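Residue-level listing of the chains:
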Amino acid sequence: MIERDNQMIRYLLIIQAIFATLSAVTTEQKINSFLPKFEQYIQKNMPAWAIPGMAVVIVTPTKILLCKGFGTREVGKNKPVDENTIFQIASLTKIFTASIAGILADKKAFSLHDLVKKHLPEFNLSSKDATEKATLEDLIGHRIGIDQFAGDSLMKLGLPQMEIVKRIGMIPFTHNFRTDYTYSNQMFGFMGIIMERLLHKKYSEIFEEYIAKPLGMTRSSAGDGIIASQQSWWNKLKGLFGVDENIALCHDKNPEGQAVCIELPSIVYVLPSTSGVNTTAHDLGILLQCHLNDGKHDGQQIIPLNHVHEMRKSVVKHVKIKPKDMQFPSDVMHDVGYGMGWFSYDYGKGKHTVPVLEHMGGYAGQRSLAFMSPSEGFAVAIITNLGHFNLNLYPEALRNVFLDLFLDLEEKDWSDEYVKRKNDYYTRMRNQRTTKKLAKLTPKHEDKFYTGTYVNEMYGEIEIASESGMLVFKANGRSCTLPHWNGDEFNMNGWEFNGNMSRSDPNFIEFGQNEKGQTIAYVSFLFEGKDPIFTRVK
């Protein structure tokens, strides 16, 4: 009887394997049927976004269906992007960090249920309840409760890791701990600090040991070594002969809407576990295949199976999506949530719907996005060398086009729609600024009214100086010019201060006086904390 039952089980397993194979073939054939059309769409619409170069990889659990570069690594130069071109992928790093967390937990380096305070005693939030109860799992689940992107201003100011840890507690809570979704770069960064402390290794070394090396991702790294590689005299010398490193340079847009090459901003490496990975389309394909195969690579379980499944579980819902949101378009995306390192949602309409996991990344210089459907057996990564989110939503447009084709939905030119909506946004923004200025034209004070040292509880000291007839903003050894705009308001050339600020960002500083007659200032990108006003002290 037992032998008969065992034989029946073997038959069932064989049948399941056959169905799985047929399903994989069906997915492969389906994608291959529209792949030429998808490639044509990519190439046709790149100019509309002024994207110099990009790479795309599409995989099933067993095959690479596309791994290809488009355009150039540097605008205006013949430096083709290929499958081995290195891109800086910003927040796609979170997929790697969440994966590593499961690997280390399986090796008993820690438990994801450990309290954050146990491993990071300096961790203090403005909510006592969240401070005392937050676990490592909460850090990588976007459910701590401080506002969206809270603490990013501390990174933009140029503060080091532990200063960010120290000052994050000055930010008031706007959401409920553990029940509300609030995206946080800082919490993923704190997870990396804890990893480094417990393993006595840099995140770059942890990344190499537990992800890059086991998966054979030979052109991937974490940390700012890529900056040194780009800026080395040897690379510049090789560039004279057209044989420089195969690295995609960063690009912003100038006021005329043209792509301009910029330096890779060091801010993305301040907290490397949140945004510090550099990789290629080829290597991303390997990682995505590992996740499609439930954490296995070449027959070896690299990421623990139970952790792969936990990463995919949506534990908080993204309930404040605007009707015309372009990252999560409500007409085709439903039930958007977050697990650990993955957003989750259902994409489609009616019966033509597929469950999807994804993450995006972006900063002033590059944009990226990866998405997959384990149930359907495919994964896609799109990496580009133009950023940030306000400039480049082409990865999201391509995601929608791909999924529409896969689901046989009515064709829609997502790229064209997104370009128009972005252009409308910038037009409205410029018009609002112009209207505000014309409504109250006022002269500025003499420079001595503005110059001096200012302080703020959360951000510390800044200095306003007058140099060559122009006001200059200074903080933490960095500076930027302040062209006068109107009255006591000045535009800020933020990209001079921090490479992670785009030329399209409407940064400004506005001066005034308090009831004591002291000069005060509001800096647009330093807006967090209980009171964002800076007061002149000398």
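Engineer: Looking at this structure, I do not really get the overall build of the protein chain. What am I missing?
Structural biologist: For the protein chain, the count of helices and strands is 17 helices and 24 strands. Against the 2.2 N^0.38 benchmark of 24 Å for 538 residues, the protein chain shows a C-alpha radius of gyration of 25 Å, consistent with a compact globule. In terms of overall dimensions, the protein chain has C-alpha extents of about 95 × 50 × 50 Å along its principal axes. In the protein chain, which comprises 538 residues, the proportion classed as buried is 55%. Sequence separation of 24 or more characterises 64% of the internal contacts of the protein chain that already satisfy a separation of 6 or more. Accessible area of the protein chain: about 23,700 Å², with a carbon and sulfur share of 53%.

Engineer: Sorry if this is basic, but what is going on with the sheet that holds strand 7 (residues 277–279) here?
Structural biologist: The strands that make up a sheet pair up through hydrogen bonds in the backbone, lying either parallel or antiparallel. With antiparallel pairing, three strands are arranged side by side in an open sheet as 3-7-4. One side of each edge strand has no neighbouring strand; the edge strands of this open sheet are strand 3 (87–88) and strand 4 (221–222).

Engineer: Got a minute to help me understand the layout of surface pockets in this structure?
Structural biologist: Vacant regions in the atomic arrangement are exposed by a probe of water-molecule size rolled over the atoms. Its boundaries defined by the atoms lining it, the second largest pocket holds a volume of some 720 Å³. Those elements that provide at least two residues to the lining of the second largest pocket are helix 1 (2–49) and helix 16 (414–439). Here the lining of the second largest pocket is composed, by residue class, of eleven nonpolar, eight polar and seven charged.

Engineer: Would you mind going over helix 8 (residues 185–199) with me for this structure?
Structural biologist: Spacing of three or four residues puts side chains on the same side of an α-helix, whose turn is 3.6 residues. Taking 1.5 Å of rise per residue, the 15 residues of helix 8 would be expected to cover 21 Å, and the 22 Å separating its terminal C-alpha atoms lies within 8% of that figure. With respect to burial, helix 8 is a largely interior element, twelve of its 15 residues being buried. When helix 8 is considered as a whole, its buried residues turn out to be N185, Q186, M187, F188, G189, F190, M191, G192, I193, I194, M195 and L199. Residue S184 occupies the N-cap position of helix 8, its side-chain oxygen lying 3.4 Å from the main-chain nitrogen of Q186. Just downstream of helix 8 lies H200, where phi reads positive at about 55°.

Engineer: Is there a simple way to think about the environment of D325 in this case?
Structural biologist: Looking at the secondary structure, you find D325 in the loop between strand 10 (316–317) and strand 11 (333–338). Here D325 falls in the partly exposed class, since its relative accessible area comes to 22%. Within the local environment of D325, its side chain forms a polar contact with the backbone nitrogen of Q327, the two atoms lying 2.8 Å apart.

Engineer: Help me understand the pairing of strand 6 (residues 259–262), please; the structure alone is not making it clear to me.
Structural biologist: Remember that side chains alternate between the two faces of the sheet whenever the strand is regular. Of the strand pairs in this sheet, strand 5 (residues 250–253) and strand 6 are connected by four bridges, and their pairing is antiparallel. Directly across from H251, in strand 6, lies its bridge partner C261. What sits between strand 5 and strand 6 in their antiparallel hairpin is a turn of five residues, with G257 showing a positive phi close to 85°.

Engineer: Would you mind showing me how to read the state of the cysteines here?
Structural biologist: Joining two cysteines, a disulfide is a covalent bond between their sulfur atoms. Across all of its chains, the model carries zero disulfides by this definition. This cysteine, C290, is not joined by any disulfide, and C67 carries the nearest cysteine sulfur, 16 Å off. In this structure C480 is not part of a disulfide, and its nearest cysteine sulfur, from C250, lies 20 Å away. Take C480: its relative accessible area is 2%, and that puts it in the buried class.

Engineer: Whenever I open this one, the pattern of salt bridges confuses me. Can you help?
Structural biologist: Pairs can form between side chains of opposite charge once their charged atoms are near each other. Counting across every chain of the model gives 27 salt bridges. Residue D114 pairs with K118 through a salt bridge whose shortest N-O separation is 3.9 Å. Of the residues examined, D114 reaches a relative accessible area of 14% and is grouped as buried. Residue K118 is classed as exposed on the basis of its relative accessible area, which comes to 58%. The closest approach of N and O atoms between K420 and D416, which form a salt bridge, is 3.1 Å. Taken together, the residues span about one helical turn, with K420 and D416 both in helix 16 at a distance of four residues. Three or more residues are tied together by salt bridges with common partners; here these are E137, D138, R143 and R178.

Engineer: Is there a simple way to think about the pairing of strand 16 (residues 452–456) in this case?
Structural biologist: Within strand 16, four of the five residues are buried, which leaves the element mostly enclosed by the surrounding structure. In terms of strand pairing, strand 16 meets strand 17 (residues 460–467) through five bridges, oriented antiparallel. Counted as the bridge partner of G452 is I464 from strand 17.

Engineer: Would you mind showing me how to read a nonpolar patch on the surface here?
Structural biologist: On the surface, a cluster of nonpolar side chains totalling about 760 Å² of accessible area is made up of W233, W234, L237, L240, F241 and V243. By the element assignment, F241 lies in the loop between helix 11 (233–239) and strand 5.

Engineer: Help me understand the packing of aromatic side chains in this model?
Structural biologist: Aromatic ring pairs are reported here in terms of the distance separating the ring centres and the angle at which the planes meet. Counted under the stated rule, the structure contains 26 aromatic pairs. Each ring, one from Y181 and one from F343, has its centre 5.9 Å from the other, and the planes form 65°; the classification is edge-to-face. Residue Y181 is located in the loop between helix 7 (161–167) and helix 8, and its partner F343 is located in strand 12 (residues 343–349); the two are separated by 162 residues in the primary sequence. Taken individually, Y181 and F343 each receive the classification buried, so the pair is uniform in this respect. Seen from their ring centres, F328 and F343 are 5.4 Å apart, and the 45° between their planes marks the pair as tilted.

Engineer: I tried to follow the sheet that holds strand 21 (residues 489–491) on my own but got confused; where do I start?
Structural biologist: With antiparallel pairing, nine strands are arranged side by side in an open sheet as 19-18-17-16-24-23-22-21-20. What marks the edges here is a single partner per strand, and that holds for strand 19 (478–482) and strand 20 (484–486). Sheet twist, expressed as the average angle between the axes of neighbouring strands with direction ignored, equals 30°. In this structure, strand 17 lies alongside strand 18 (residues 470–475), joined through five bridges in antiparallel fashion. When the bridges of strand 18 are listed, E463 appears paired with K474.

Rules used in this analysis
- Residues numbered from 1 in each chain as written.
- Predicted model: local features only at pLDDT ≥ 70, side-chain atom pairs only at ≥ 80, totals over all residues.
- Heavy atoms only, no water.
- Helix = DSSP H or I, 4+ residues; strand = E, 2+ residues; numbered from the N terminus.
- Rg over C-alpha atoms; globule rule 2.2 N^0.38 Å.
- Buried < 20%, exposed > 50% of the residue type's maximum accessible area, 1.4 Å probe, protein only.
- Contact = heavy atoms within 4.5 Å.
- Areas by Shrake-Rupley, 256 points an atom, 1.4 Å probe, with all protein chains shown as cover.
- Pairing = 2+ DSSP bridges.
- 1 Å grid on protein atoms, 1.4 Å probe; cavity = no way out; pocket = protein on both sides within 12 Å on 5 of 7 lines; lining within 4 Å.
- Points joined across faces, edges and corners; volume = space filled by probe spheres on them.
- Nonpolar A, V, L, I, M, F, W, Y, C, P; charged D, E, K, R; others polar.
- Expected span 1.5 Å × (residues − 1).
- Polar contact = N/O pair within 3.5 Å; in protein donor to acceptor, adjacent residues only side chain to side chain.
- Disulfide = S-S within 2.5 Å.
- Salt bridge = Lys/Arg side-chain N within 4 Å of Asp/Glu carboxyl O.
- Patch = residues over 30% accessible without salt bridge, like charges linked within 9 Å, V, L, I, M, F, W, Y side chains within 5 Å.
- Phe/Tyr/Trp six-rings, centres within 6.5 Å; stacked < 30°, edge-to-face > 60°.
- Axes fitted to C-alpha atoms, helices over the stretch in contact; angles between N-to-C directions.

So yeah, pure geometry; function would need other evidence.
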